[in-house]
Amino acid sequence: MGETQQSHTHVKYAGWLPGRHALGIIAFAVLLIVLGLVETMRPFGIRFSDLTSGIVTMDTMVRAGILTIAVVGLNLLMGYTGQASLGQAGFYGLGAYASAILTVKLRVLALPAWLGTVWWWPWLVILAAMIFVGAFAYLVGKPILQLRGHYLAMATLGLGIVIYIVLRENFGFSPSEFNLTGGLDGIPDVGRLAIGGFTLWPIERYYFLVWAIALAVIVLSLNIVNSRVGRALRAVRDSEVAANAMGVDTHTEKLKVFVLSAMYASLAGSLYAHFQAAVSPKPFDFLGSIELVLMSVIGGIASIWGAALGVAVVLVLKELIRTRMHLIIPGAGGEQEVIAFGILIVVIMIFMPDGLSVGGVRFVRNLFGKPVHSA
Amino acid sequence: MQVPLLEVISLRKGFGGLMAVFDVDFIVEAGDIMVVMGPNGAGKTTIFNLISGALKPTGGSIHFRGHKLNDLPPHEITRLGLARTFQSVQVFGNMTVLENVMVGRHVKSHYGMFSAAFQMPRARREEREIREHALEQLVRVGLEERANDLASNLSFGQQRLLEIARALATEPGLLLLDEPGSGLSRPEKEGLDRLIREIRGNGVTILLVEHDISFVMNIADRIVVLEYGQKIAEGTPEQVRSDRRVIAAYLGEETS
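Residues numbered from 1 in each chain as written. Chains lettered and ligands numbered in written order. Predicted model: local features only at pLDDT ≥ 70, side-chain atom pairs only at ≥ 80, totals over all residues.

### Examining the sheet that holds strand E8 (residues 205-209) of chain B
Residues and elements named next belong to chain B. With mixed pairing, six strands are arranged side by side in an open sheet as E6-E7-E8-E3-E9-E10. Strand pairing shows two members of the sheet lacking a second neighbour, strand E6 (82-84) and strand E10 (230-235), which therefore form its edges. Going from strand to strand, the sheet's axes swing by 15° on average, the running direction of each strand aside. Bridging between strand E3 (residues 33-37) and E8 involves four bridges; their strand directions are parallel. Following the sheet pairing, Val-36 is matched in E8 by Val-209. (Pairing = 2+ DSSP bridges. Helix = DSSP H or I, 4+ residues; strand = E, 2+ residues; numbered from the N terminus. Axes fitted to C-alpha atoms, helices over the stretch in contact; angles between N-to-C directions.)

### Here's the deal with the nonpolar core
Residues Ala-70, Tyr-264 and Ala-268 of chain A together with Leu-138, Ala-165 and Ile-206 of chain B are the most contacted members of the largest nonpolar core, which totals 176 residues. Top element by residues in this core is helix H10 (residues 250-276) of chain A. It accounts for 15 residues. Once residues within four sequence positions are removed from consideration, Ala-268 of chain A is found in contact with Ile-66, Leu-67, Ile-69, Ala-70, Tyr-92 and Gly-95 of chain A. (Core = buried A, V, L, I, M, F, W, Y, C linked by C-beta atoms within 7 Å. Buried ≥ 20, exposed ≤ 12 C-beta atoms within 10 Å, placed from the backbone. Contact = placed C-beta atoms within 7 Å.)

### Looking at the interface of chain B and chain A
At the interface, 41 residues of chain B touch 31 residues of chain A. Listing elements by their share of the side of chain B that touches chain A, those giving two or more residues are helix H2 (74-80), helix H3 (97-104), helix H4 (113-117) and helix H5 (121-141) of chain B. Residue contributions to the side of chain B that touches chain A peak at eight residues, all from H5 of chain B. Residue classes in the side of chain B that touches chain A are distributed as 19 nonpolar, 14 polar and eight charged. (Nonpolar A, V, L, I, M, F, W, Y, C, P; charged D, E, K, R; others polar.)

### Overview of the sheet that holds strand E5 (residues 67-68) of chain B
Each strand in a sheet pairs with another by means of backbone hydrogen bonds, the pair being arranged parallel or else antiparallel. Residues and elements named next belong to chain B. In spatial order, the strands read E2-E1-E4-E5; together these four strands make up an open sheet with antiparallel pairing. Two strands close off the open sheet at either side, each with one partner strand: strand E2 (18-28) and E5. Pairing analysis gives seven bridges linking strand E1 (residues 6-15) to E2, with the strands arranged antiparallel. Each residue of the ladder has a partner; that of Val-8, found in E2, is Phe-26. In this fold helix H1 (residues 44-52) packs onto E1, E2 and strand E4 (59-64), with an angle of close to 65° to the strand it touches most, E2.

### Observations regarding helix H13 (residues 334-351) of chain A
The end-to-end C-alpha distance of H13 of chain A, which contains 18 residues, comes to 26 Å, matching closely the 26 Å that a straight helix rising 1.5 Å per residue would cover. Across the 18 residues of H13 of chain A, one count as buried, placing the element largely on the outside. (Expected span 1.5 Å × (residues − 1).)

### Side note on the confidence of the model for chain B
Per-residue confidence for chain B gives a mean pLDDT of 90; residues scoring 70 or more make up 97%. Predicted as a complex, the structure gets a pTM of 0.88 and an ipTM equal to 0.90. (pLDDT = per-residue confidence, 0-100.)

### Concerning the pairing of E3 of chain B
With respect to burial, E3 of chain B is a largely interior element, five of its five residues being buried. Of the two faces of E3 of chain B, the one holding Ile-33, Val-35 and Met-37 of chain B and the one holding Met-34 and Val-36 of chain B are both buried throughout.

Right, dumping it as structure tokens:
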């Protein structure tokens, strides 16, 4: 076999910011800051949304940041452990409602009213919601993660629907007696977040908060993926039997990621509640979960960056269709929009089944004549 | 007398009405190269799966370093110092060669999700050690040149070597090799013979399942022969080669 110097092989080492991702993260952060500043300071009276003919507004960008957090969690779960999850919107909804209920419904819960006046209470609620949702995910995940493939998908689907119904039906209580979730109407008048006396509103300020958090989530997730934990997860995805044989407790690892993913979704939900200043059950139903999965898959299910890309693509596509479709097909309405959206998704999946992050990279490399090793 | 490294006692495994393994007894002494041999369907891979914990015995027991393995899940058994390779190669295809071996290091490392997320010093220190140790195993099997290649891009023979390197990363006391030679060319088998001897020379006991009789006779210290799930012979290569029942079992399949 022979002695070969170890320095011969270039060993990629993960430093403080994950190795080769450091450049990407910094570039992305700079881009986000620039976009935010353009919107805030409006040089020459121009806003970013003007540059994109109103398709990408501040509103879209904030939504993108919030959804990215939820989809990163989904990518960790589906892309890195190969577990299906059709119930992510359920955890998203739990986070949103927790933040809404514990900041607005203090009297209903017999909590001291002054909590609604201090700036730090909503932040505490966000943290507490993440822990509560994580614990809930642990209890539910323990049994259902013993299921495989389609059965697991169905179990998560059922879980998401149950959460949605519980929220919509006010936990079964009559609203006149005990109005916790507000039923179909939801909860209005959710306050804005603030740090000290500094309110994180109007929207430009909230944009910076949301994306700062999203970036932190991306960095932490990249660190996890490039660690022994991430390798164990990918081993579970590639060959669960071999992973077990190599000492990886696959059931526990899958459960850990399930919990982490749920906590990300909860965080995103809380940020959503304070963004919308209201919550209602509609976004957290089955279709909500499907849309999250869609964003995950379009971007590239096994890519942390893919989460941001998938979210951006789906949001932009929807806006494009909504605002421009009537130019191509006169008189087109909501149903035609849905069809058009569906067709576009199918086309993307046919040509880039691994998602845009992988397919996009491959496309660009082929352009420059660099053959790519098949994955 | 030392406690044997591995003791298999009256091992039984039934699938419904079929007895795949019936009352099999044998012992593996530390430092030996032990081979489990037998015609197709003799129960060799079933025995491997029973020892490594992938299957649960219907009867009997398995003891490794004094621990009873019967009810332990595979990842616990690996933690005790028993590692295996697979007949149908199970490399992690979407990871690099080096990453595959680094997964083998899982049982010898500890840092968790939190330390990983925040890149704590302990995580960085352990990560460095994992990488170095994994690279050493690749050098041992001769795959260091392919360290950054995707595991699925390796040839079949190389993937077998990768599995061995990965199993070695767990620092096993006992290494189970499931048909490591099948599908290999003659020169590859010779390389495998050398590698197995070198691994044993480093203090790892080897238990292997193998079809190729001449390969087995060269490398084995002791052999157990199975037929239809039962042990029909046990001993040194010389003893086994001349055993009437062994010859009868193999009659028509191969001649030694």
